[in-house]
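A look at the structure
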Amino acid sequence: MTTQPCDGCGDDVSIAGGIANIWTLEKSTTDGLTLELADGSEHFLCYDCMERLPDDREPTADDVADL
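We now turn to the structure provided with this report.

Cut-offs applied
Residues numbered from 1 in each chain as written. Predicted model: local features only at pLDDT ≥ 70, side-chain atom pairs only at ≥ 80, totals over all residues. Heavy atoms only, no water. Buried < 20%, exposed > 50% of the residue type's maximum accessible area, 1.4 Å probe, protein only. Helix = DSSP H or I, 4+ residues; strand = E, 2+ residues; numbered from the N terminus. Pairing = 2+ DSSP bridges. Contact = heavy atoms within 4.5 Å. Polar contact = N/O pair within 3.5 Å; in protein donor to acceptor, adjacent residues only side chain to side chain. Core = buried A, V, L, I, M, F, W, Y, C linked by side-chain atoms within 4.5 Å.

**Thoughts on the pairing of strand S4 (residues 42–46)**
A regular strand places its side chains on the two faces of the sheet in alternate fashion. In terms of burial, S4 is largely enclosed, as 4 of its 5 residues are buried. As defined by bridge partners, strand S3 (residues 32–36) adjoins S4 across 5 bridges and the pair is classed as antiparallel. When the bridges of S4 are listed, Glu36 appears paired with Glu42. Linking two consecutive strands that pair antiparallel, namely S3 and S4, is a turn of 5 residues; a positive phi of about 90 degrees is found at Gly40 within it.

Okay, structure coming up:
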């Protein structure tokens, strides 16, 4: 399994699958996603940071920076 830092909090987030798990039977989950935001920017965020994005409008890169 590999990890990638969250663009919001900076924590290492596990990314399941891919070549890292090809020889194992490990069924790990991915703990984040890459989102394309309203301003066209893309950010990899953990689920906790996704929950902290604003609900009352479309999130932007500024909202990720505020996390």
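**Some words on the environment of Leu67**
Here Leu67 lies in the segment after helix H2 (61–66). Residue Leu67 is classed as partly exposed on the basis of its relative accessible area, which comes to 21%. Separated by 14 residues in the primary sequence, Leu67 and Leu53 have C-alpha atoms spaced 8.0 Å apart. With near-sequence residues (within four places) excluded, Leu67 lies in contact with Gly8, Leu45, Cys49, Arg52 and Leu53.

**Things to note about the side chain of Ser41**
Here Ser41 shows up in the loop between S3 and S4. Overall, the relative accessible area of 17% leaves Ser41 in the buried class. Side chain to side chain, Ser41 and His43 meet in a polar contact 3.0 Å long. Not counting residues within four places of it along the chain, the set of residues in contact with Ser41 comprises Leu35, Glu36 and Ala61.

**Description of the nonpolar core**
Nonpolar side chains in soluble globular proteins generally cluster together in the buried interior. Within the largest apolar cluster, 11 residues are counted, these being Cys6, Val13, Ile15, Leu37, Phe44, Leu45, Cys46, Cys49, Met50, Leu53 and Val64. If you list the elements that add at least two residues to this core, you get strand S2 (12–15), S4 and helix H1 (47–52). With 3 residues, S4 is the largest single contributor of residues to this core. With near-sequence residues (within four places) excluded, Met50 lies in contact with Gly32, Leu33, Leu35 and Leu45.

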